[in-house]
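Here's the letter readout for the chains.
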Amino acid sequence: MDEKTASGAHEIQRHGLSRSRTLIIASAAGLSVANIYYSQPLLDEIASDLGISSAVIGLIVMLTQVGYGLGLIFIVPIGDLTDRRKLIIAQGLLLTTALVIVATAGAKTMLLAGMASVGLLAVLVQVLVAQAAALSTPSQRGKVVGTVTSGVVAGILSARAFAGTVADLGGWRAVYMTSALATLAMVGVLIFVLPRHSVERSSEPYIHAVLSVRDMFSRNPILLFRGILALLIFASFSTLWTALVLPLSTPPFSYSHTQIGLFGLIGLAGAVGATFAGRLADRGYNAWTTGISLAILLASWGLIALLPYSTPMLLMGIFLLDLAVQAVHVSNLSIIVAVNPQKSGRLIGGYMVFYSAGSAIGAIAATATYARFGWAGVSILGATFSGIAFAVWIASRLSAVLNRPSDAVEPSRK
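## Some words on the pattern of salt bridges
If charged atoms from side chains of opposite charge come close, those side chains can pair. On inspection of all chains with the given rule, the structure shows 5 salt bridges. Of the charged contacts in the structure, one is a salt bridge between Arg173 and Asp49, with a shortest N-O distance of 3.1 Å. With Arg173 in helix H10 (residues 172-193) and Asp49 in helix H3 (residues 43-50), this residue pair connects regions lying 124 residues apart in the sequence. With a relative accessible area of 27%, Arg173 lands in the partly exposed category. As a salt-bridge pair, Arg84 and Asp80 come within 2.9 Å of each other at their nearest N and O atoms. Across the pair, exposure class does not vary: Arg84 and Asp80 are buried alike. Salt bridges sharing partners connect three or more residues here, namely Asp80, Arg84, Glu204 and Arg346.

## Observations regarding the packing of aromatic side chains
On inspection of all chains with the given rule, the structure shows 11 aromatic pairs. Taking the centre distance of 5.9 Å and the plane angle of 35° together, the rings of Tyr255 and Phe263 count as tilted. Using a relative accessible area of 27% as the deciding quantity, one classes Tyr255 as partly exposed. Classification of Phe263 by relative accessible area gives buried; the value is 9%.

## Here we look at the nonpolar core
Of all hydrophobic cores here, the largest spans 112 residues; its most connected members are Leu111, Tyr176, Leu240 and Leu244. In terms of residue count, helix H18 (residues 344-403) provides more of this core than any other element does, 14 residues in total. With near-sequence residues (within four places) excluded, Leu244 lies in contact with Phe263, Leu314, Ile318 and Trp375.

## Describing unusual backbone geometry
Where the residue is not glycine, phi is negative for most of them; where a peptide bond is considered, it is trans in most cases. Put simply, Pro251 and Pro252 share a cis peptide bond, and its omega is 10°. Along the chain, Pro252 turns up in the loop between helix H13 (245-248) and helix H14 (257-266). Backbone geometry at Ser254 places phi at a positive 55°, although glycine is not the residue there. Along the chain, Ser254 turns up in the loop between H13 and H14. The class of Ser254 is partly exposed, set by a relative accessible area of 44%.

## Thoughts on the packing of helix H16 (residues 286-304) against H18
Helix packing geometry: the angle between the two helix axes and the distance between the axes. One can describe the packing of H16 onto H18 by two numbers: an axis separation of 9 Å at closest approach and a directional angle of 160°. When the axes of H16 and H18 are compared, the pair comes out roughly antiparallel. As for how H16 packs across H18, the hand of that crossing is left-handed. Taken together, the residues of H18 that come into contact with H16 (itself represented by Ala287, Trp288, Thr290, Gly291, Leu294, Ala295, Leu297, Leu298, Trp301 and Ile304) are Trp375, Val378, Ser379, Gly382, Ala383, Ser386, Gly387, Ala389, Phe390, Trp393 and Arg397. Its residues assigned to classes, the contact of H16 with H18 comprises 14 nonpolar, 6 polar and 1 charged.

## Overview of the confidence of the model for the protein chain
Per-residue confidence for the protein chain gives a mean pLDDT of 86, with 89% of residues at or over 70. For the protein chain, the element scoring lowest by mean pLDDT is helix H1 (residues 2-15), at 51; helix H6 (residues 84-103) scores highest, at 97. Scored below 50 in pLDDT, residues 1-8 shows 4 contacts in the model against residues more than four places distant or in partner chains.

## Overview of the packing of helix H11 (residues 206-219) against H18
In contact at an axis separation of 9 Å, H11 and H18 are set at 65° when each is read in the N-to-C sense. The handedness of the crossing between H11 and H18 comes out as right-handed. Contact residues: H11 offers Ala209, Ser212, Val213, Met216 and Phe217, while H18 offers Arg346, Leu347, Gly350, Tyr351 and Phe354. Along the lines of polarity and charge, the residues of the contact of H11 with H18 split into 7 nonpolar, 2 polar and 1 charged.

## Regarding a positive patch on the surface
On the surface, a cluster of positive charge is contributed by Arg19, Lys143, Arg279 and Arg283. In this structure, Lys143 sits in helix H9 (residues 141-170). Classification of Lys143 by relative accessible area gives partly exposed; the value is 37%.

## Some thoughts on the layout of surface pockets
One number sums up the size of the largest pocket: a volume of about 1,000 Å³. Residue lining of the largest pocket: 32 residues in total, with Gln40, Val61, Arg160, Trp241 and Thr242 positioned closest to the centre. Those elements that place two or more of their residues in the lining of the largest pocket are H3, helix H5 (59-74), helix H12 (221-243), H13, H14 and H18. By residue number, the principal contributor to the lining of the largest pocket is H18, which donates 7 residues. Grouping the amino acids of the lining of the largest pocket by side-chain chemistry returns 20 nonpolar, 10 polar and 2 charged.

## Things to note about H10
Quick reminder: α-helices carry 3.6 residues per turn. Residues three or four places apart thus point the same way. The terminal C-alpha atoms of H10 lie 32 Å apart, and with 22 residues this matches the ideal 32 Å at 1.5 Å per residue to within 8%. Those residues of H10 hidden inside the fold are in contact with helix H2 (19-34), H3, H6, helix H7 (108-121), helix H8 (124-135) and H9.

Rules and cut-offs
- Residues numbered from 1 in each chain as written.
- Predicted model: local features only at pLDDT ≥ 70, side-chain atom pairs only at ≥ 80, totals over all residues.
- Heavy atoms only, no water.
- Salt bridge = Lys/Arg side-chain N within 4 Å of Asp/Glu carboxyl O.
- Helix = DSSP H or I, 4+ residues; strand = E, 2+ residues; numbered from the N terminus.
- Buried < 20%, exposed > 50% of the residue type's maximum accessible area, 1.4 Å probe, protein only.
- Phe/Tyr/Trp six-rings, centres within 6.5 Å; stacked < 30°, edge-to-face > 60°.
- Core = buried A, V, L, I, M, F, W, Y, C linked by side-chain atoms within 4.5 Å.
- Contact = heavy atoms within 4.5 Å.
- Axes fitted to C-alpha atoms, helices over the stretch in contact; angles between N-to-C directions.
- Parallel < 35°, antiparallel > 145°, perpendicular 65-115°, else oblique.
- Left-handed = near helix turned anticlockwise from the far one by under 90°.
- Nonpolar A, V, L, I, M, F, W, Y, C, P; charged D, E, K, R; others polar.
- pLDDT = per-residue confidence, 0-100.
- Patch = residues over 30% accessible without salt bridge, like charges linked within 9 Å, V, L, I, M, F, W, Y side chains within 5 Å.
- Areas by Shrake-Rupley, 256 points an atom, 1.4 Å probe, with all protein chains shown as cover.
- Lys, Arg positive; Asp, Glu negative; His and termini not counted.
- Charge placed at Lys NZ, Arg CZ, Asp CG, Glu CD.
- 1 Å grid on protein atoms, 1.4 Å probe; cavity = no way out; pocket = protein on both sides within 12 Å on 5 of 7 lines; lining within 4 Å.
- Points joined across faces, edges and corners; volume = space filled by probe spheres on them.
- Expected span 1.5 Å × (residues − 1).

Okay, structure coming up:
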């Protein structure tokens, strides 16, 4: 068994990840990240079941996100110091346990502790992305990262629809118990799919690895530039998906949570964008893929603003927004991982902190803006985030032209 596994590891080192292994890792990543979003359409039902007030129930979402942020900082860098395969398996088993705790919670304290643990351990998705990047060859890295990211997109956007449907059939606890069983099965598959590596354990102290993330992003213009883009595009993304439920759940639409969740399936176009952007990245078109995608993102808000008048235009806007956001996201990841593949774990973790910050800013700003200015205000807000991102990209290209070749913030590629 060890000899066979070692042979498989050497094969991967020579030829990179096969399509089947890549798809399995992508599916595992999507399943992991979905756990963060299951609660959003279930808050009312959870509050009613456990007798939690509406003022407190928001802590479920907040603690899940706080746990996820802490995991990005303190767990993801461990993958650069130890056997990432063992870390993935351990995280998967612990995530299964946390999901069971949530599904069986009989009191508010137990539920909140379980949700925080789910968020903390759901950073498994970023460890899987780093592992996929590390196992791929340089020539296929963009394609592999794009495919795995498409799995992440599918997990995020289908989570709400899945949760709403399962909850309608068996209650909110069935959602988390089903996910626990699926996560356990996923771990079993990954045990056989991920190769055993006989790599030497890094001698770098853990605390140094954690603290080094800040220095890497502050000293490297490419990393900082891509992190800023991530903050802005996911602020735009979060603006849409946080505020969308507000007009759709009231007259004249009055859609149910399940129906609103189905809107997320339109965003699965982002999975197509992620894969396509990854292939372009492998061919050296990162910079222009980013610029064109940012222009599409800005234009999408013109269609999204038509929600009160045309649902088809809204759907087209959602399609374009998700396509653009994920294309930029994969371009970002391809460049960031290429900076130092040996430290891909902490690089991705640091990058995702920008992602989380942007998501939080977009969510907070969107609800406040809608309460005061309605959907027109939300559309202007989303377009503003997108416009700033596009302006930052234009500035970077001008800088690259004026300071070529040594001081450009982007690699001098097509």
